[in-house]
Amino acid sequence: MKFSENWLRTFVNPPLASRALADALTMSGVEVELVEPVAPPFDNVVVAEVLEVQKHPAADRLTVCSVSAGGAPLQVVCGAPNVRAGIRVPLARIGARLPGIEIKQAKVRGVESNGMLCSARELGLAEDASGLLVLPADAPPGADIREYLDLDDQLFTIKPTPNRGDCLSVFGFAREAAAVTGGALTPAPTAAVPAASSDRIEIALEDKMACPRYCGRIVRDVNARAATPRWMVQRLERSGLRSISAIVDVANYVMLELGQPLHAFDLARIDGAIRVRRGRSGEQLKLLNEQEVALDASLLVIADDRKPLALAGIMGGMESAVTPDTRDILLESAFFDPAAIAGKSRVLGFSSDSAYRFERGVDFAATVQAMERATRLVLDICGGKAGPVCAATATLPERKPLRLRRARAQRLVGIEFTAQQIADILRRLGFAYDAHGDEFLVTPPSYRFDFAFEEDLIEEVARIHGYDKIPANPPVGTAVMLPTTETRISINALRGLMVARDYQEIVSYSFIDRQWEIDFCANRDPVALANPIAAHLSVMRSGLIASLVDCLRLNLSRQQERVRLFETGRCFSRAASAYEQVMMLGGLAYGEAVPEQWGVTGRKVDFYDVKSDVEAAVAPNIAGFEAAQHPALHPGRSAKVTLEGVAIGWLGELHPRLQQEYDLPYAPMVFELNLDKITARNVPVYREVSRQPLVRRDLSVEVPETVSAQAMLDALRKYAQRHVSEVALFDVYRGKGIDSDKKSIAFKVLLQDTDKTLTDADVEATIGQMLQVLQEQFQAKLRK
């Protein structure tokens, strides 16, 4: 919101300069985003009356003007097309300094010019340079233009947080400034206007929850063609609103001044009573912005007995709008529940100043006062006779008293407060309270919607006391070492391991595009957000691969040819009547296996490179890998990762369909692991280091092609005797000497006893038993 500082100082005028006042308000929590002058610096510019205009003797587009600036007439050469005798315009006299130019006495095409008649652009007031800035006919010649147009004013642009809708008016901001600075607050001019007629209108609240208060007032015999006063036009323009017509300007002015949106209807276009109701299917309403809206029960409307007239709290309708021919009007001032207006601007595709205020909450106790203020302005500007205020009221928001304890405030803020200090702050804020020693029972005012707990009041006390007055004392406490467990590795340690293996951590949104869920997880029923921040961030992710691939694409667009990424984060899925939130570790590797160098032949990263990273992540536990299919992975180059027979994640190459769809030159390798399962560790157990010699035997067998090497390894480890220290796969062979439906697999077996040297008989017996396991479970045949 933007407004004039001079307008603000009609309500509160603390002894602070503009910047100091802005800083004080910002430090209190109501941000003054910008303070800027109404006009750039210039001097020696006065009001002048054009007395006579003659054609320049040597130039077709120039004129020679005789002007009066309160003294003897001056001759000025002018090239503006709108110059004419009788108008009053700004005159920069000789010696005047304008933005970028200094005025000197000169001859223009042989004719002497004693100054310059100015346009708004030359004074830095606007971009329009089509002609002179024509001033009102009553502008006094010789008056300083800065004083006459109030150009030494400053513009405040404020940005209050959504909970401070009470500051979205000049009076509301003045009330805040008075509380912060301790200045005296001038009451708003809302004296009651006596009724001059008995004209009334019936009001029916058909949705009392959405609109618990609606006021209407008939004003007859108004002059809708009356000119808006210059002071009002100036304040509106400095607040970013253009003047439209006197009655509309009054409604906008009161909204800016008091924060209460109002609307004026053409009474002749209202049939019967005013009804505040829900829209009905099939109804259409053409709004003032010329947008046609199809109504339904989600939209609250102001209607008469026959048709809808306006979108309640958002915008009026074109059919009932005030026109220059309007003679009788109905002024509206209402309180709409913020929940009834919130979100409607996004649904409709446009916003309005009224909706912006109503969805944050307006003062429901000031509805009638705003009506009185608007009535007085309409009568003063447009004339007419006002009827009585007609009001319909239901249950208004309840203001429950809140307890405020001095001891609690001291503990939360960290400084000493006396009961008198707290009482003074509450008085400055205008809060009603009952004091009982060190406790206060505070009733929040009707214009504040952000009080629910004692902590809200304590925040107000700290805010008005001054955040900058709270000392920044370092916390004092006993440092206690937190317990750690050996049965689980920390996520930070796992992050460090991934970084050590050449990965870089990313952080992405937990909500993603619905299409990503379908592409990467085959999930057509994801957890949807009720109020997404963007259309492409509408569902919660159930996996990390999509976010990693999106980050890869971003890096490829920045010419990064070798990418290693990982992320830890929650993934979300449905589980019966609740939701599951599982912490996952995801990784992606793309490009060369190692950075380019002269000592290693370049090759692309493959399945086994990333498999080693997964094995390192779960170590000292031993991961298992089973061939399986995942919707995001290549059907023949993917595996399910297991730990002691329990599935903990996936590993593989991105599916060729997704590689093509997401425009990737090569398919990256990706993995996902359940963090809760891979961070679990067995407590280390002491085992004696053997001093006996180590024996190695190689066991090479021929098995059917369908047999998994992982399954064979698991079986050998399961049935291995105590003195078998290691079993590892070291060779897989297909080719000459092996049937086409078979393969040869060779295992390394290391044997060592802690008590004795193993004999050949011990070794052969152990190898024989292991061979028997392979023969019985996998139809293995020993290769000679």
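Everything below is about the structure printed above this text.
Residues numbered from 1 in each chain as written. Predicted model: local features only at pLDDT ≥ 70, side-chain atom pairs only at ≥ 80, totals over all residues. Heavy atoms only, no water.

Visitor: Hey, could you run me through the overall build of the protein in this one?
Guide: A count of helical and extended segments in the protein gives 21 helices and 39 strands. Considering only C-alpha atoms, the protein reaches an extent of 130 × 75 × 65 Å along its principal axes. Relative to its 784 residues, the protein shows a buried fraction of 48%. Pairs at least 24 residues apart make up 69% of the contacts formed inside the protein by residues separated by at least 6 positions. Where the 91 positive side-chain charges of the protein centre and where its 100 negative ones centre are 1 Å apart. (Helix = DSSP H or I, 4+ residues; strand = E, 2+ residues; numbered from the N terminus. Buried < 20%, exposed > 50% of the residue type's maximum accessible area, 1.4 Å probe, protein only. Contact = heavy atoms within 4.5 Å. Lys, Arg positive; Asp, Glu negative; His and termini not counted. Charge placed at Lys NZ, Arg CZ, Asp CG, Glu CD.)

Visitor: For this particular structure, what's the right way to read the sheet that holds strand 30 (residues 563-575)?
Guide: Within a sheet, adjacent strands bond to each other through the backbone by hydrogen bonds, running parallel or antiparallel. One open sheet holds the seven strands; their spatial order is 27-30-31-35-34-33-32, and the pairing between them is mixed. Of all strands in the sheet, those with a lone pairing partner are strand 27 (504-505) and strand 32 (623-627), marking the two edges. In the sheet, strand 30 pairs with strand 31 (residues 578-590) via 13 bridges, with the strands oriented antiparallel. The residue of strand 31 that forms the bridge with Phe-572 is Gln-581. Where helix 14 (residues 491-500) meets the sheet, it contacts strand 27, strand 30, strand 31 and strand 35 (669-674), and its direction lies at approximately 140° from that of strand 30. Packing of helix 16 (residues 545-556) onto the sheet brings it into contact with strand 30, strand 31, strand 34 (646-654) and strand 35, and relative to strand 30 it is tilted by some 150°. (Pairing = 2+ DSSP bridges. Axes fitted to C-alpha atoms, helices over the stretch in contact; angles between N-to-C directions.)

Visitor: Explanation requested: the nonpolar core in the structure shown.
Guide: Soluble globular proteins: nonpolar side chains tend toward being buried together. Membership of the largest hydrophobic core comes to 74 residues, with the highest contact counts inside it found for Leu-8, Phe-156, Phe-173 and Leu-404. With residues near it in sequence (within four places) discarded, Leu-8 still touches Phe-3, Leu-21, Phe-156, Val-170, Phe-173 and Ala-174. Ranked by size, the runner-up nonpolar core spans 41 residues in total, among them Cys-211, Ile-218, Ile-302 and Phe-358. (Core = buried A, V, L, I, M, F, W, Y, C linked by side-chain atoms within 4.5 Å.)

Visitor: Which parts of the structure should I look at to understand the side chain of Arg-408?
Guide: Looking at where Arg-408 falls in the secondary structure, it is placed in helix 11 (residues 406-413). Its relative accessible area of 19% is what places Arg-408 among the buried residues. Excluding residues that lie within four positions of it along the chain, Arg-408 makes contacts with Glu-454, Glu-455 and Ile-458.

Visitor: Before we go on, may I ask you to explain empty space enclosed by the protein in this structure?
Guide: Rolling a probe over the atoms, with the probe sized like a water molecule, indicates the empty space that remains. Per the stated rule, a full pass over the model turns up three cavities of 30 Å³ or more. The volume enclosed by the largest cavity comes to roughly 60 Å³. Around the largest cavity, the lining residues are Arg-164, Asp-166, Gly-172, Arg-175, Glu-176, Ala-179, Arg-428, Leu-429, Phe-431, Tyr-447 and Arg-448. Listed by contribution, the elements that provide at least two residues to the lining of the largest cavity are helix 4 (170-181) and helix 12 (419-429). (1 Å grid on protein atoms, 1.4 Å probe; cavity = no way out; pocket = protein on both sides within 12 Å on 5 of 7 lines; lining within 4 Å. Points joined across faces, edges and corners; volume = space filled by probe spheres on them.)

Visitor: Explanation requested: the pattern of salt bridges in the structure shown.
Guide: Two side chains with opposite charge may pair up if their charged atoms get near one another. Tallied over the full model, the rule gives 53 salt bridges. Measuring nitrogen to oxygen at the nearest pair gives 3.2 Å for the salt bridge that ties Asp-153 to Arg-238. Here Asp-153, found in the loop between helix 3 (145-148) and strand 11 (154-159), pairs with Arg-238, found in helix 5 (residues 230-238); they are 85 residues apart in sequence, far enough to count as distant. By relative accessible area, Asp-153 is classed as buried at 1%. By relative accessible area, Arg-238 is classed as buried at 9%. The shortest N-O distance in the salt bridge between Arg-501 and Asp-613 comes to 2.6 Å. Separated by 112 residues along the polypeptide, Arg-501 in the loop between helix 14 and strand 27 and Asp-613 in helix 17 (residues 607-618) bring together distant segments of the chain. (Salt bridge = Lys/Arg side-chain N within 4 Å of Asp/Glu carboxyl O.)

Visitor: Even after reading the chapter, I still don't get helix 17, so can you show me in this structure?
Guide: For an α-helix, 3.6 residues make a turn, and residues three or four places apart therefore share a direction. Compared with the 16 Å implied by 1.5 Å per residue over twelve residues, the 17 Å span of helix 17 between its first and last C-alpha is a close match. Of the positions making up helix 17, those classed as buried are Phe-607, Asp-609, Val-610, Lys-611, Asp-613, Val-614, Ala-616, Ala-617 and Val-618. A distance of 3.1 Å separates the backbone nitrogen of Tyr-608 from a side-chain oxygen at the start of helix 17, and that oxygen is part of Asp-606. (Expected span 1.5 Å × (residues − 1). Polar contact = N/O pair within 3.5 Å; in protein donor to acceptor, adjacent residues only side chain to side chain.)

Visitor: Could you clarify how one ought to interpret the packing of aromatic side chains in this entry?
Guide: Any two aromatic rings considered together are summarised by their centre-to-centre distance and by the angle between their planes. Applying the stated criterion to the full structure yields 16 aromatic pairs. Summarising the aromatic geometry, the rings of Phe-3 and Phe-156 are spaced 6.2 Å apart at their centres and angled 35° between planes, so their arrangement reads as tilted. Placement of Phe-3 in strand 1 (residues 2-4) and of Phe-156 in strand 11 is noted, with a sequence separation of 153 residues between them. With respect to class, Phe-3 is no different from Phe-156; both count as buried. Between Phe-336 and Phe-358, the ring centres sit 5.0 Å apart and the planes meet at 75°, which makes this aromatic pair edge-to-face. Of the two residues, Phe-336 is situated in the loop between strand 21 (329-335) and helix 7 (338-341) and Phe-358 in helix 9 (residues 353-358); the sequence distance between them amounts to 22 residues. Residue classification places Phe-358 among the buried positions, given a relative accessible area of 3%. Grouping aromatic residues by their ring pairs yields a cluster made of Phe-3, Phe-156 and Phe-173. Looking at Arg-175, its charged tip hangs above the ring of Tyr-447, at a distance of 3.6 Å from the centre. (Phe/Tyr/Trp six-rings, centres within 6.5 Å; stacked < 30°, edge-to-face > 60°. Lys NZ or Arg CZ within 6 Å of the ring centre and 35° of its normal.)

Visitor: It is not clear to me how unusual backbone geometry should be interpreted in this structure. Could you clarify?
Guide: Leave glycine aside and you will find that most residues have negative phi; peptide bonds, for their part, are mostly trans. Here the bond from Ala-619 into Pro-620 is cis, since omega is 10°, no more than 30 degrees from zero. Its location among the elements puts Pro-620 in the loop between helix 17 and strand 32. Of note, the phi angle at Ala-522 is positive, near 55°, even though the residue is not glycine. By the secondary structure assignment, Ala-522 is in the loop between helix 15 (514-521) and strand 29 (539-540). Backbone geometry at Gln-559 places phi at a positive 65°, although glycine is not the residue there. Mapped onto the elements, Gln-559 comes out in the loop between helix 16 and strand 30.

Visitor: What exactly am I supposed to notice about the layout of surface pockets here?
Guide: Taken as a whole, the second largest pocket spans an internal volume of roughly 780 Å³. As for the second largest pocket, its lining consists of 31 residues, of which Val-248, Asn-252, His-263, Leu-288 and Met-315 are closest to the centre. Contributing elements (two or more residues each) for the lining of the second largest pocket: helix 6 (246-258), strand 14 (262-266), strand 19 (308-311), strand 20 (315-316) and helix 9. Broken down by element, the residue count for the lining of the second largest pocket peaks at four residues, all from helix 6. The class makeup of the residues in the lining of the second largest pocket is 19 nonpolar, nine polar and three charged. (Nonpolar A, V, L, I, M, F, W, Y, C, P; charged D, E, K, R; others polar.)

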